[in-house]
Amino acid sequence: MSDITNILIVGVGGQGTILASKVLAGVVQKKGYEVKIAEIHGMSQRGGSVFTQVRYGKNIASPTIPHGEADILLAFEKLEALRWLSYLKQNGIILVNDQRIDPMPVIMGAAEYPSDAMDVIKSKLQDVSVIDGVSEATKAGNIKTVNMVLLGSLSKVLGFEEEVWIEVMKETIPPKFLDVNIKAFQAGRN
Amino acid sequence: MKKLLTGNEAIARGAWEAGVVVCTAYPGTPSTQITEHAAEYDEMYAEWSPNEKVALEVGSGAAIAGGRAMVAMKHVGVNVAADPLFTLAYTGINGGLLLVAADDPGMHSSQNEQDSRHFGRAAKIPILEPADSQEAKDFTKLAFGLSESFDTPVMLRVTTRIAHAQTVVELADRQEVGLKKYEKNATKYVMIPAYARRRHVIVEARLDQLQEYSETASLNRIEWNDTKIGVITSGVTYQYVKETMKDASILKLGMTFPLPRKLIAEFAEQVDKLYVIEELEPFIEDYIKSWGIEVHGKDTFSVIGEILPETILERMGMPPAKNIDNSEVATALPTRPPVLCPGCPHRGLFYVLSKLKTTVAGDIGCYTLGSLAPLNAMDTTICMGASIGNAIGMEKARGKEFARNLVAVIGDSTFIHSGITGLIDVVYNKATTTTIILDNRTTGMTGHQENPTTGFTLKGEPIKELNLELLVKAVGVERVVVVDPFDLDKLEKVLKEEMAAEEPSVIITRRICALIDKVSDKTPFIVSQAACSGCMRCMKLACPCIIKEGKKVRINTAQCVGCGLCVTVCPSEAIKKEGGANV
């Protein structure tokens, strides 16, 4: 990898991508990297397609990841994975949550969900990790912790010590929800 | 100490460090969090004003009284605040006054992509444009000094990618600057024609002085590199140029009005080919052209939408990154437009409006999503508060009969912002408009801010709630009905009655936003597959949790918040609470 690592996190509004990126940013900062993050708030959060771009390393100029330069795509949903695939560089890594959330045009029957999404992704990339975030989060005790399961999977790829991740989670997540989130993170990591 | 901050957090911090005492705003993406963060500092008074005009009037009152004040708004908010703004350039200030205008190139969450720099220039006030969070903080602090040295309001212009991007900021302590002496000075602050004529002369002289200042200000700097290509740029676009054009010489402008003419001419002379790379309007470029300097800008880049690093690669003829090609599938993928949330109180209203095929003059807020398929229940959305005036105009043009299936739809916060004046016009000019105020007890779209109807201030202090019923009655509306938008039968009946009445009427649909509702039973509903007849009536609600599966429907229990609206429309009694009986 070059001086900068680019991680693109995509999903559907309400899935918790922002909290995941917050923890990630805390970890890379603790490891002494420079970091820039770009995300969009507002209308798209109401169930729309959402993204967070995290860049860390040194001498980072743009807060957004230039198209085609993402090293890792962490996708919270299959259709969104497919939509954002072109942001990934050619030998990039993808981690996909095996979850389907139908957008309104599909719900209404005006468009068809690409049921072969995972096959298309696998045909284009060698390094594909498929994660059953919903099952793992449910097992951990709360279906809403899918974001931490996925973050756990990402943590394996990035290779920072588990303690650092847990430390940042403790600083970021309210005590009431901490245990279940840590459990979900560990499920994703192990 | 260093900290990762959004541009908005950095601006709030900058104001605090600069000794600001008053912060005001009306929420609007991407500016909202500036004032939310400002409210976290005890030393600063911070308020949600009813609208941007009031925000600027409060801010300028504070400044005239001798305190430093910051007023924040989104780009279209500057339209609302334009009236005081233009004259404040004449009066000048006492304590420093900063107006933060947050533009939204690409319209991530806006109804247009106007360029606030035109406003700064038209109002004749200096404009600063930071390129990251550190500069957002530094320029905010610098702006107060500039404001006081030149006796002028200053505009800090940011864009979505500055406001919502997080970069590292070096923090400093607050400098208490105290209050400046307040002295009555009518020739400066009372803008009757005789005094205003004198002040205009001062405004023009001040612009010359500011132009001189910009020539040597550290805000503007040249980064020499290869001189084959020189790029003049500002804001986040500077970062994109650095990212993609590593050999180019760059003139980075932190102050984009008035422009440093001599500095620009000197830079232009030393490079073989000169570009201006700026988002939206050719603001800098037009000046340079008017000075007879050859320059490329909007012949290469569009005035429409954002400029991103990949845009620069493409437009400057550089090779794109080697990416994963998904082009053969990408175009066919279903879009994912935003939707009304599960449990959203507005869903009930738009379901009925859609059913009655009512003409709906709409407004700005979460409920604008009622315009999308399959509800399709909105005919117009122009700006904050426009719905009521639009409905009056429709009736005046097409006659009273047209108003019999016509409503204006406006949220509680938007009604306070600028809907009241429209309602006064309904009564005053004898329109028969039915106005629906969607009272969800919050300012929803921007992320749940308090407003005069919620009973709390920005700082969380309880206050006496504004009473919408009494307010609209005081305006002269005699027909006022409050209805729960989930009581569909009553809502339909009330709607028909009020639209039929040939006099002004107001329907208040009152139900708390599902995202802040802490009281209701959130247990999800499930569909009994045996009982579901497949009539698909529930699909017309456009609830993202109801999914068609074969000839029947199913509920996504992970998302369902148990609002029960679908139960109301199901003729087969097929929908029950999860874990309940008879499933």
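Residues numbered from 1 in each chain as written. Chains lettered and ligands numbered in written order. Predicted model: local features only at pLDDT ≥ 70, side-chain atom pairs only at ≥ 80, totals over all residues. Heavy atoms only, no water.

**Describing the overall build of chain A**
Rules: Think of it this way: any DSSP run of H or I at least four residues long counts as a helix, any run of E at least two long counts as a strand, and we number them from the N terminus. A radius of gyration in this sense is built from C-alpha atoms; the matching globule rule multiplies 2.2 Å by the number of residues raised to 0.38.
A tally of helices and strands in chain A yields eight helices and six strands. When its helices and strands are written in sequence order, chain A yields β-α-β-β-β-α-β-α-α-β-α-α-α-α. The C-alpha atoms of chain A give 16 Å as radius of gyration, which agrees with the globular expectation for 190 residues (16 Å, within 12%). Oriented by its inertia axes, the alpha-carbon framework of chain A measures out at about 45 × 40 × 35 Å.

**Considering helix 1 (residues 7–17) of chain B**
We count it as follows: The buried label goes to any residue with under 20% of its type's maximum accessible area, the exposed label to any with over 50%, and the partly exposed label to all in between, with areas taken from a 1.4 Å probe on protein chains only.
Summarising burial for helix 1 of chain B: ten of the eleven residues are buried, a large majority. Taken together, the buried positions of helix 1 of chain B are B:Gly7, B:Asn8, B:Ala10, B:Ile11, B:Ala12, B:Arg13, B:Gly14, B:Ala15, B:Trp16 and B:Glu17.

**Details of the state of the cysteines**
Covalent bonding between the sulfur atoms of two cysteines is what defines a disulfide. The line we're drawing: Two cysteine sulfurs form a disulfide in these notes if their separation is within 2.5 Å.
Applying the stated criterion to the full structure yields zero disulfides over all chains. Between B:Cys543, a cysteine without a disulfide, and B:Cys545, which holds the nearest cysteine sulfur, the sulfur-to-sulfur distance is 3.9 Å.

**Considerations on unusual backbone geometry**
Residues and elements named next belong to chain B. Residue Pro258 is reached from Phe257 by a cis peptide bond, and omega for that bond is -10°. For Pro258, the position within the fold is in the loop between strand 12 (255–257) and helix 11 (261–270). Looking along the chain, the bond that leaves Ala373 and enters Pro374 is cis, with omega of 5°. Positionally, Pro374 belongs in the loop between strand 14 (359–361) and helix 16 (386–398). If you check the backbone angles, Asp151 has positive phi at about 55° while not being a glycine. For Asp151, the position within the fold is in the loop between helix 6 (133–150) and strand 7 (154–159). Its identity is not glycine, yet Ala542 carries a phi of approximately 55°, on the positive side. With respect to the helices, strands and loops of the structure, Ala542 is situated in the loop between strand 19 (525–527) and strand 20 (546–549).

**Here we look at the nonpolar core**
All names here are of chain B. To be explicit about the condition: Residues belong to a common nonpolar core when they are buried Ala, Val, Leu, Ile, Met, Phe, Trp, Tyr or Cys residues joined through side-chain atoms within 4.5 Å. Domain segmentation is taken from an automatic or database assignment of domains. By definition in these notes, contact holds between two residues if any of their heavy atoms fall within 4.5 Å.
Judged by nonpolar contacts, the single largest core of 99 residues is most densely connected at Ile232 and Ile288. When residues of this core are assigned to domains, at least three fall in each of domain 1 (2–216) and domain 2 (220–315). With residues up to four places along the chain from it excluded, the contact list for Ile232 reads Leu251, Leu253, Ile264, Phe267, Leu274, Tyr275, Val276, Ile277, Ile284 and Ile288. Counting residues in hydrophobic clusters, the runner-up holds 72 residues, among them Tyr367, Ile392, Met394 and Val475.

**Some thoughts on the packing of aromatic side chains**
Quick reminder of the rule: Note on ring pairs: Phe, Tyr and Trp rings are taken, using the six-membered ring of Trp, and paired if centres are within 6.5 Å. Classes follow the plane angle, with under 30 degrees stacked, over 60 edge-to-face and the rest tilted. Charge over a ring is defined by NZ of Lys or CZ of Arg lying within 6 Å of the ring centre and within 35 degrees of the ring normal.
Applying the stated criterion across every chain, the model contains 14 aromatic pairs over all chains. The interplanar angle of 20° and the centroid separation of 5.1 Å between the aromatic rings of B:Trp16 and B:Tyr41 together place this pair among those described as stacked. Of this pair, B:Trp16 sits in helix 1 while B:Tyr41 sits in the loop between helix 2 (32–38) and strand 3 (45–48), and the two are 25 residues apart along the sequence. Look at B:Tyr41 and you get buried, because its relative accessible area is 17%. Consider the rings of B:Tyr287 and B:Trp291, whose centres lie 6.0 Å apart with planes at 45°: the pair is tilted. Each residue in the set A:Tyr33, A:Tyr56, A:Phe160, A:Trp165 and A:Phe185 is aromatic and connected to the rest through ring pairs, giving one cluster. Its guanidinium or amino end placed over the ring of B:Tyr238, B:Lys252 lies 5.3 Å from that ring's centre, counting from NZ or CZ. The ring of B:Phe402 carries the charged tip of B:Arg398 above its face, separated from the ring centre by 5.3 Å.

**Looking at the packing of helix 6 of chain B against helix 9 (residues 193–216) of chain B**
All names here are of chain B. Quick note on the threshold: To define axes, lines are fitted to C-alpha atoms, for helices over the stretch in contact only, and angles between the resulting N-to-C directions are given on a 0 to 180 degree scale. When an angle is under 35 degrees it counts as roughly parallel; over 145 it counts as roughly antiparallel; between 65 and 115 it counts as roughly perpendicular; any other value is oblique. It is the rotation of the near helix from the far one that decides the hand of a crossing: anticlockwise by less than a right angle makes it left-handed, clockwise makes it right-handed. Each residue is assigned to one of three groups, with Ala, Val, Leu, Ile, Met, Phe, Trp, Tyr, Cys and Pro labelled nonpolar, Asp, Glu, Lys and Arg labelled charged, and all others, Gly among them, labelled polar.
One can describe the packing of helix 6 onto helix 9 by two numbers: an axis separation of 11 Å at closest approach and a directional angle of 140°. By the angle between their directions, the pair helix 6 and helix 9 is classed as oblique. For the pair helix 6 and helix 9, the crossing hand works out as right-handed. In contact with Leu142, Leu146 and Phe150 of helix 6, helix 9 contributes Arg206, Gln209, Leu210 and Tyr213. Of the residues contributing to the contact of helix 6 with helix 9, the split by class is five nonpolar, one polar and one charged.

**Here we look at the interface of chain B and chain A**
To keep things clear, this is the line we draw: Buried area is understood as the total, over both parts, of accessible area removed when two parts are fitted together, assessed with a 1.4 Å probe. Salt bridge, as applied in this entry: a Lys or Arg side-chain nitrogen positioned within 4 Å of an Asp or Glu carboxyl oxygen.
In this assembly, 54 residues from chain B lie in contact with 57 residues from chain A. Of the roughly 4,600 Å² buried where chain B meets chain A, counting both sides, 63% is carbon and sulfur surface. It is B:Ile324, B:Pro334 and B:Arg336 that lose the most area in chain B upon contact with chain A, and together they represent 19% of the buried surface on that side. Linking chain B to chain A there are four salt bridges. The set of elements that each furnish at least two residues to the side of chain B that touches chain A consists of helix 7 (160–163), strand 8 (165–170), helix 10 (236–244), helix 13 (309–315), helix 14 (327–330) and strand 20 of chain B. For the side of chain B that touches chain A, the leading source of residues is helix 10 of chain B, giving five residues.

**What to know about the domain arrangement of chain B**
For an interface, size is often stated in terms of accessible area lost upon the parts coming together. Residue and element names in this part refer to chain B. For clarity, the threshold we go by: Any N or O atom pair separated by 3.5 Å or less is treated as a polar contact, with the protein-specific requirement of one donor-capable and one acceptor-capable atom, and with residues adjacent in sequence counted only for side-chain atom pairs.
With domains assigned, chain B is organised as domain 1 (2–216), domain 2 (220–315), domain 3 (346–510) and domain 4 (525–577). Here the C-alpha centroids of domain 3 and domain 4 sit 28 Å apart. On the domain 4 side, the residues contacting the seven residues of domain 3 number eleven residues. Taken as a group, Arg347, Tyr351 and Phe486 account for 67% of the area that domain 3 buries against domain 4, more than any other trio of residues on that side. Summed over the shared surface of domain 3 and domain 4, the number is zero salt bridges. The interface formed by domain 3 and domain 4 includes two residue pairs in polar contact (both at pLDDT 80 or more).

**Considering the side chain of B:Thr358**
All names here are of chain B. Position of Thr358 among the secondary structure elements: in the loop between helix 15 (346–355) and strand 14. The exposure class of Thr358 is buried, given its relative accessible area of 7%. Ignoring any residue separated from it by four or fewer positions in sequence, one finds Thr358 in contact with Leu353, Asp379, Asn405, Leu406, Val407 and Met499.

**Quick look at the pairing of strand 5 (residues 97–103) of chain B**
Residue and element names in this part refer to chain B. Condition: A pair of strands is considered paired only if DSSP assigns at least 2 bridges between the two. A right-handed crossover is one whose linking path, passing over the helix from the first strand to the second, runs clockwise when the strands point away from the viewer.
For strand 5, the buried fraction is high: seven of the seven residues fall into the buried class. Taken together, the six bridges between strand 4 (residues 69–74) and strand 5 define a ladder with parallel strand orientation. The partner of Ala69 across the bridge, within strand 5, is Leu97. In this view, the connection linking strand 4 to its parallel neighbour strand 5 by way of helix 4 (residues 75–91) has right-handed handedness.

**Comments concerning the sheet that holds strand 11 (residues 248–253) of chain B**
Residue and element names in this part refer to chain B. An order of 9-11-10-13 is seen for the four strands of this open sheet, with the pairing classed as mixed. The sheet terminates laterally at strand 9 (220–223) and strand 13 (273–277), the two strands that pair on one side only. The sheet shows a mean angle of 15° between the axes of neighbouring strands, direction not considered. Sheet analysis places strand 10 (residues 226–234) next to strand 11, joined by six bridges and oriented parallel. The residue bridging Ile232 from the neighbouring strand is Leu251, located in strand 11.

**Structural notes on the environment of B:Val409**
Residue and element names in this part refer to chain B. Checked against the element boundaries, Val409 lands in strand 15 (residues 406–411). Taking the C-alpha atoms as reference points, Val409 and Ile436, separated by 27 residues in sequence, lie 4.9 Å from one another. Filtering out sequence-adjacent residues up to four positions away, Val409 remains in contact with Leu349, Phe350, Leu353, Val360, Ala361, Gly362, Asp363, Tyr367, Ser387, Ile436 and Leu438.

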